Amino acid sequence: MMIGTAVQKRILELCAEKSITVNKLATMSGITQSTLNNIMSGRNNSTTISTIKKICDGLDINIRDFFDSQIFDDLEQEIK
């Protein structure tokens, strides 16, 4: 799995745990819905740590919690 796909899946997983929509997460995180929609649709495959930090703040978790998931265990190497 590529990192962009893993981030998408993790965001969906966390939204489900919090019983919120992706659009609600955008509002809670202080990022635009278009930014989050671009991440979720795969148009943005290089999400910055700064954006992930904002998402974590909106979810009231830390970055370590975000990446503490089996989703990130088997990422493909992305050297091009």
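Residues numbered from 1 in each chain as written. Predicted model: local features only at pLDDT ≥ 70, side-chain atom pairs only at ≥ 80, totals over all residues. Heavy atoms only, no water.

What follows covers the side chain of Ser69. Position of Ser69 relative to the elements: it lies in the segment after helix H5 (63–67). What makes Ser69 buried here is its relative accessible area of 12%. Not counting chain neighbours up to four residues away, the residues in contact with Ser69 comprise Arg10 and Glu13. (Helix = DSSP H or I, 4+ residues; strand = E, 2+ residues; numbered from the N terminus. Buried < 20%, exposed > 50% of the residue type's maximum accessible area, 1.4 Å probe, protein only. Contact = heavy atoms within 4.5 Å.)

So, about the packing of aromatic side chains. If you walk through the whole model with that rule in mind, you get three aromatic pairs. Ring geometry for Phe66 against Phe72: centres 6.0 Å apart, planes inclined by 45°, an arrangement best described as tilted. Given the relative accessible area of 0%, Phe66 is considered buried. Grouping aromatic residues by their ring pairs yields a cluster made of Phe66, Phe67 and Phe72. (Phe/Tyr/Trp six-rings, centres within 6.5 Å; stacked < 30°, edge-to-face > 60°.)

A few words on helix H3 (residues 33–41). Those residues of H3 that fall on the buried side of the exposure criterion are Leu36, Ile39 and Met40. For H3, the arc enclosing every buried residue in end-on projection is 95°, short of the 170-degree limit, so these residues lie on one face. Buried residues along H3 sit against helix H1 (3–18), helix H2 (22–29) and helix H4 (49–59). (Arc of directions from axis to C-beta.)

Let us look at the nonpolar core. In terms of nonpolar packing, the biggest core is built from 21 residues, with Val7, Ile11, Leu25, Leu36, Ile55, Leu59 and Phe66 touching the most fellow members. Counting residues per element, the ones that place at least two in this core are H1, H2, H3 and H4. Among the elements that make up this core, the one with the highest residue count is H1 (five residues). Once residues within four sequence positions are removed from consideration, Leu36 is found in contact with Ile11, Val22, Leu25, Ala26, Ile31 and Ile55. (Core = buried A, V, L, I, M, F, W, Y, C linked by side-chain atoms within 4.5 Å.)

Taking 1.5 Å as the rise per residue, H1 with 16 residues should run 22 Å; its terminal C-alpha atoms sit 22 Å apart, in good agreement. If you check which residues of H1 are buried, you get Gly4, Ala6, Val7, Gln8, Arg10, Ile11, Leu14 and Cys15. Here the buried face of H1 lies against H2, H3, H4 and H5. Ser19 lies just past H1 and shows a positive phi near 55°. (Expected span 1.5 Å × (residues − 1).)

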